[in-house]
Amino acid sequence: MKKIRLESYVEYIVKTAEELLSVDSPTGYTENAADLITGLLEDMGYRPVKTVKGGVLVRLAERKAGDEGGIMLNAHVDTLGAMVSKIKDNGRLQVTPLGGMNANNAEAENVRIVTRFSGEFDGTCQLENASVHVNPKYDETKREWTNMEIVIDEDVNSKDDTLKLGISVGDIVCFDPRTRVTKDGYIKSRFLDDKLSAAILIGFAKYIKDSSVEPETDIWVHFTVFEEVGHGASANMPSGITYVISVDMGCVGDGLSCTERQVSICAKDSRGPYAYDVVKSLIEAALKAGADYAVDIYPYYVSDVEAMLSAGHDIKHGLIGPGVYASHGYERSHKKGVENTLRLLIGYVI
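Reading the values: rules and limits
- Residues numbered from 1 in each chain as written.
- Predicted model: local features only at pLDDT ≥ 70, side-chain atom pairs only at ≥ 80, totals over all residues.
- Heavy atoms only, no water.
- Helix = DSSP H or I, 4+ residues; strand = E, 2+ residues; numbered from the N terminus.
- Buried < 20%, exposed > 50% of the residue type's maximum accessible area, 1.4 Å probe, protein only.
- Contact = heavy atoms within 4.5 Å.
- Core = buried A, V, L, I, M, F, W, Y, C linked by side-chain atoms within 4.5 Å.
- Axes fitted to C-alpha atoms, helices over the stretch in contact; angles between N-to-C directions.
- Nonpolar A, V, L, I, M, F, W, Y, C, P; charged D, E, K, R; others polar.
- 1 Å grid on protein atoms, 1.4 Å probe; cavity = no way out; pocket = protein on both sides within 12 Å on 5 of 7 lines; lining within 4 Å.
- Points joined across faces, edges and corners; volume = space filled by probe spheres on them.
- Salt bridge = Lys/Arg side-chain N within 4 Å of Asp/Glu carboxyl O.
- Expected span 1.5 Å × (residues − 1).
- Arc of directions from axis to C-beta.

Asker: What is the right way to read the overall build of the chain from this model?
Answerer: Counting its secondary structure elements, the chain contains 8 helices and 19 strands. Overall, the C-alpha framework of the chain stretches about 65 × 40 × 40 Å when taken along its three principal axes. Each of the 350 residues in the chain was classed as buried or not, and the buried ones make up 54%. Residue pairs in contact within the chain that sit at least 24 positions apart in sequence constitute 76% of those at least 6 positions apart.

Below you can see the structure in the form of structure tokens.
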């Protein structure tokens with residue numbers, strides 16, 4: 001096997017993450033992101049397939065012996081967002097969230113309204129009567145989707161004006177990710193959950209291809225959609241898979257030990273414990289690979305791999321990911337977190 005500098009893969013992953021983050025993909029509107037991933041994998045020489053549901057499934061390596069023991073890795077490419085639920089009399093838009101988009105941190109964000117037949121329009125998500133100099137109750141108003149609105153960057157003053165633009169109920173509202181990579185290696189953006197981990201799996205695929213690794217078992221990757229609404233990985237299971245690892249964001253915050261520079265190994269989340277032997281193997285792999293890791297319990301989290309268990313798949317499951325702070329808001333991770341996640345994947349799978 002050729003000796004390959006891991007640093008080059010970290011840089012590739014970060015660039016790929018920036019590219020993915022630049023493609024809007026709220027839950028239910030993910031085709032463009034899936035097309036991008038498909039093209040990147042095809043350029044490496046893989047043969048990815050689009051699932052009917054809209055995800056991307058690719059086989060990175062084929063088993064050399066045995067019928068079971070295959071490994072599947074998954075990461076989701078759908079993100080939070082919103083959908084037009086009402087066109088108001090003043091021409092502005094009321095929206096309903098897609099996934100766990102929170103009105104408190106959506107305020108004052110730039111958005112794109114994607115119509116079915118009339119192109120895209122820019123706008124901003126604002127509190128109703130958003131001017132501090134006009135609204136005496138600005139500070140005390142609780143931010144809820146019922147009192148937030150999308151202000152369209154067009155000359156609209158009535159419902160008819162907005163309808164004439166071709167905007168209608170059911171149109172997708174995409175929030176600007178505001179992606180930035182700092183000189184010190186911090187990666188800041190909306191939707192690092194889970195496009196950063198999707199980019200890590202693309203970088204892992206590149207590593208396998210470049211290093212001519214010949215693993216002893218099947219390795220599959222599933223880039224899922226609809227994770228943010230609970231059923232992303234529930235279907236599309238190849239035969240022979242025993243272990244499924246979700247590669248998602250690692251939680252960072254009070255009561256947890258993980259930092260943005262580490263890879264997190266989850267022992268239990270709000271649905272229950274992960275497979276004991278899988279968690280043990282992940283820790284052993286991290287030690288073997290020299291990956292800086294933390295083991296944590298996530299009290300308010302459900303992973304994509306649990307959708308597979310709920311769908312009745314007989315698998316052993318695990319969850320890892322780079323540490324990400326401020327989840328479902330303006331998120332932050334670090335290149336070291338990317339590197340440690342990649343090291344753990346190499347140590348565990350190869």
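This is not the end of the story, as more comes after the structure.
Asker: Would you mind going over the nonpolar core with me for this structure?
Answerer: For soluble globular proteins, nonpolar side chains are generally found buried alongside one another. Ranked by internal contacts, the top residues of the largest apolar core, which has 101 residues, are Phe175, Phe204 and Phe223. Ranked by residues supplied to this core, first place goes to helix 5 (residues 192–211) with 11 residues.

Asker: Help me understand the packing of helix 1 (residues 6–21) against helix 2 (residues 31–44), please; the structure alone is not making it clear to me.
Answerer: How two helices sit against one another is set out by the angle between their axes and by the gap between those axes. Following both chains from N to C, one finds helix 1 and helix 2 inclined at 150°, their axes separated by 10 Å at the closest point. Taken together, the residues of helix 2 that come into contact with helix 1 (itself represented by Tyr12, Thr16, Glu19 and Leu20) are Ala33, Leu36, Ile37, Leu40 and Met44. Across the contact of helix 1 with helix 2, the residue classes break down as 7 nonpolar, 1 polar and 1 charged.

Asker: Please clarify how the layout of surface pockets should be interpreted in this entry.
Answerer: By rolling a water-sized probe across the atoms, one finds the places where empty space is left. For the largest pocket, the calculated volume is near 610 Å³. Every element with two or more residues in the lining of the largest pocket is listed here: strand 14 (250–252), helix 7 (304–310) and strand 18 (316–325). When residues of the lining of the largest pocket are assigned to their parent elements, the largest contribution, 4 residues, is made by helix 7. A breakdown of the residues in the lining of the largest pocket according to their chemical character gives 13 nonpolar, 7 polar and 7 charged.

Asker: What's the story with empty space enclosed by the protein in this structure? I'm lost.
Answerer: All told, the structure shown has 2 cavities of 30 Å³ or more when counted by the stated rule. Put simply, the largest cavity is a space of about 50 Å³. For the lining of the largest cavity, the per-class residue count stands at 8 nonpolar, 2 polar and 2 charged. Roughly 30 Å³ of internal volume is contained in the second largest cavity. Every residue lining the second largest cavity is listed: Leu80, Arg190, Phe191, Asp193, His328, Gly329 and Glu331. Here the lining of the second largest cavity is built from residues that sort into 2 nonpolar, 2 polar and 3 charged.

Asker: Sorry, what's going on with the pattern of salt bridges here?
Answerer: Oppositely charged side chains are able to pair whenever their charged atoms sit close together. For the structure on display, the rule yields 19 salt bridges. Asp24 is the salt-bridge partner of Arg112, the closest N and O atoms lying 2.8 Å from each other. In this pair, Arg112 sits in strand 6 (residues 110–114) while Asp24 sits in the loop between helix 1 and helix 2, placing the two residues 88 residues apart along the sequence. Judged by its relative accessible area of 15%, Asp24 falls in the buried class. In this structure, a network of salt bridges that share partners links the residues Lys88, Arg92, Glu128 and Glu149.

Asker: What am I meant to see in helix 1 here?
Answerer: In an α-helix, one full turn covers 3.6 residues, which means residues spaced three or four apart are oriented alike. Here helix 1 is 16 residues long and its end C-alpha atoms lie 22 Å apart, about the 22 Å a rise of 1.5 Å per residue gives. Burial in helix 1 covers these residues: Leu6, Tyr9, Val10, Ile13, Val14, Thr16, Ala17, Leu20 and Leu21. Each buried residue of helix 1 sits inside an arc of 165° when the element is viewed along its axis, so together they form one side. For helix 1, the secondary structure elements touched by its buried residues are helix 2, strand 10 (180–181), strand 11 (186–189), helix 5 and helix 8 (335–349).

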